[in-house]
Amino acid sequence: MNLMIRCAHCRRFFHPDPRVKNQRFCGSAACQRARKTPWQRQKMATDPDYKENQRVCRKEWQKRHPHYWRSYRSRSPEYFRRNRLLQRVRDRTRSIKGLAKMDASRPFSLVKPGAYYLIPHLATMDALAQKVLVIPAP
Ligand SMILES: [Zn+2]
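A quick note: this is a predicted structure, and the numbers were derived from the prediction, not measured.

Scoring rules and cut-offs
- Residues numbered from 1 in each chain as written.
- Predicted model: local features only at pLDDT ≥ 70, side-chain atom pairs only at ≥ 80, totals over all residues.
- Heavy atoms only, no water.
- Salt bridge = Lys/Arg side-chain N within 4 Å of Asp/Glu carboxyl O.
- Axes fitted to C-alpha atoms, helices over the stretch in contact; angles between N-to-C directions.
- Helix = DSSP H or I, 4+ residues; strand = E, 2+ residues; numbered from the N terminus.
- Parallel < 35°, antiparallel > 145°, perpendicular 65-115°, else oblique.
- Contact = heavy atoms within 4.5 Å.
- Nonpolar A, V, L, I, M, F, W, Y, C, P; charged D, E, K, R; others polar.
- Donors = N, O, S within 2.8 Å, 3.2 Å for Na, K, Ca; no water.
- Tetrahedral: all angles 85-135°; square planar, octahedral: opposite > 155°, others 65-115°.
- Buried < 20%, exposed > 50% of the residue type's maximum accessible area, 1.4 Å probe, protein only.
- Polar contact = N/O pair within 3.5 Å; in protein donor to acceptor, adjacent residues only side chain to side chain.
- Expected span 1.5 Å × (residues − 1).
- Core = buried A, V, L, I, M, F, W, Y, C linked by side-chain atoms within 4.5 Å.
- Phe/Tyr/Trp six-rings, centres within 6.5 Å; stacked < 30°, edge-to-face > 60°.
- Lys NZ or Arg CZ within 6 Å of the ring centre and 35° of its normal.

So, the pattern of salt bridges
Line of reasoning, step 1. The tally for this structure, following the rule as stated, stands at five salt bridges.
Line of reasoning, step 2. Between Asp17 and Arg19 there is a salt bridge; the shortest N-O distance is 2.9 Å.
Line of reasoning, step 3. Residue Lys43 is joined to Asp47 by a salt bridge in which the shortest nitrogen-to-oxygen separation is 3.1 Å.

This is how it looks when you write it as structure tokens:
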């Protein structure tokens, strides 16, 4: 097969695999990740069997690699610090949602005066919409 098509991610020309119908991405690891990540996000949101299977696989992997996250955290202190702050945001969001359920009619401020960390939200890294998470300093 001599036909070449342009990769939907890296825009380079490549020879599609004749066994893959409607192939849009080349075989590079980055392009395969760009193809698979949205597919998997969609699958996790819509297919409970797939989601459960992923959960079971993750648990089994963790059993086989019991020290992975502990050593990852000590190898990557910045990751550990950021993750701890983000967990604080999740905990706070959960408690705010709990408060909102208790009394939806009473207005309340989500941000109290004080010292905070400001962390750029990685999911929205475009220049127009910068989402910033506000985390109370300890
Ligand atoms: Zn590519």
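Regarding the packing of helix α1 (residues 29-46) against helix α2 (residues 48-64)
Line of reasoning, step 1. It is at 6 Å that the axes of α1 and α2 come closest, and there the two elements cross at 110 degrees. By the criterion of interaxial angle, the relationship of α1 to α2 is roughly perpendicular. Contacts between α1 and α2 involve Trp39, Gln40, Lys43, Met44 and Thr46 on the former and, on the latter, Pro48, Tyr50, Lys51 and Gln54.
Line of reasoning, step 2. Its residues placed into classes, the contact of α1 with α2 shows four nonpolar, three polar and two charged.

Section: the coordination of the zinc ion
Line of reasoning, step 1. Protein-derived coordination of the zinc ion comes from Cys7 (SG), Cys10 (SG), Cys26 (SG) and Cys31 (SG), at a distance range of 2.2 to 2.3 Å.
Line of reasoning, step 2. Geometry at the zinc ion is tetrahedral, judged from the four donor atoms that bind it and their angles of 104 to 116 degrees at the metal.
Line of reasoning, step 3. On the primary sequence, the residues serving as donors to the zinc ion are separated as C-x2-C-x15-C-x4-C.
Line of reasoning, step 4. Residue Cys7 is classed as buried on the basis of its relative accessible area, which comes to 0%.

Overview of the side chain of Gln23
Line of reasoning, step 1. Tracing the chain through its elements places Gln23 in the loop between β2 (13-14) and α1.
Line of reasoning, step 2. In this structure the side chain of Gln23 is engaged in a polar contact, spanning 2.6 Å, whose partner is the backbone nitrogen of Asp17.
Line of reasoning, step 3. If we ignore the near neighbours within four places in the chain, the residues touching Gln23 are Ile5, Phe14, Pro16 and Asp17.

Observations regarding α2
Line of reasoning, step 1. Counted at 1.5 Å a residue, the expected span for α2 with its 17 residues is 24 Å, and the 24 Å between its end C-alpha atoms agrees.
Line of reasoning, step 2. Capping the start of α2 is the job of one residue whose side-chain oxygen sits 3.0 Å from the backbone nitrogen of Asp49: Asp47.

With respect to the nonpolar core
Line of reasoning, step 1. Residues Cys7, Phe14, Phe25, Cys26 and Cys31 constitute the largest nonpolar core, which totals five residues.
Line of reasoning, step 2. Beyond its immediate chain neighbours, meaning those up to four positions away, Phe25 contacts Cys7, Ala8, His9, Phe14, Cys31, Gln32, Ala34 and Arg35.

Observations regarding unusual backbone geometry
Line of reasoning, step 1. At Arg11, a position not held by glycine, the phi torsion is positive, near 70 degrees.
Line of reasoning, step 2. By the element assignment, Arg11 lies in the loop between β1 (5-6) and β2.
Line of reasoning, step 3. Although it is not a glycine, Asn22 sits at a positive phi angle of roughly 55 degrees.
Line of reasoning, step 4. Accessibility expressed as a relative area gives 67% for Asn22, which makes it exposed.

Section: the packing of aromatic side chains
Line of reasoning, step 1. This model, assessed by the stated rule, comprises seven aromatic pairs.
Line of reasoning, step 2. Centroid distance Trp39 to Tyr50: 5.6 Å. Interplanar angle 80 degrees. Geometry classified as edge-to-face. Residue Trp39 is found in helix α1, and its partner Tyr50 is found in helix α2; the two are separated by eleven residues along the sequence.
Line of reasoning, step 3. With centroids separated by 4.8 Å and ring planes inclined at 85 degrees, the aromatic side chains of Tyr72 and Tyr79 adopt a geometry described as edge-to-face.
Line of reasoning, step 4. Owing to a relative accessible area of 23%, Tyr72 belongs among the partly exposed residues under this scheme.
Line of reasoning, step 5. By relative accessible area, Tyr79 is classed as partly exposed at 31%.
Line of reasoning, step 6. Put simply, the rings of Trp61, Tyr68, Trp69, Tyr72 and Tyr79 touch in pairs and so form one group of aromatic residues.
Line of reasoning, step 7. The residue whose ring lies beneath Arg75 is Tyr68, and the NZ or CZ to ring-centre distance is 6.0 Å.

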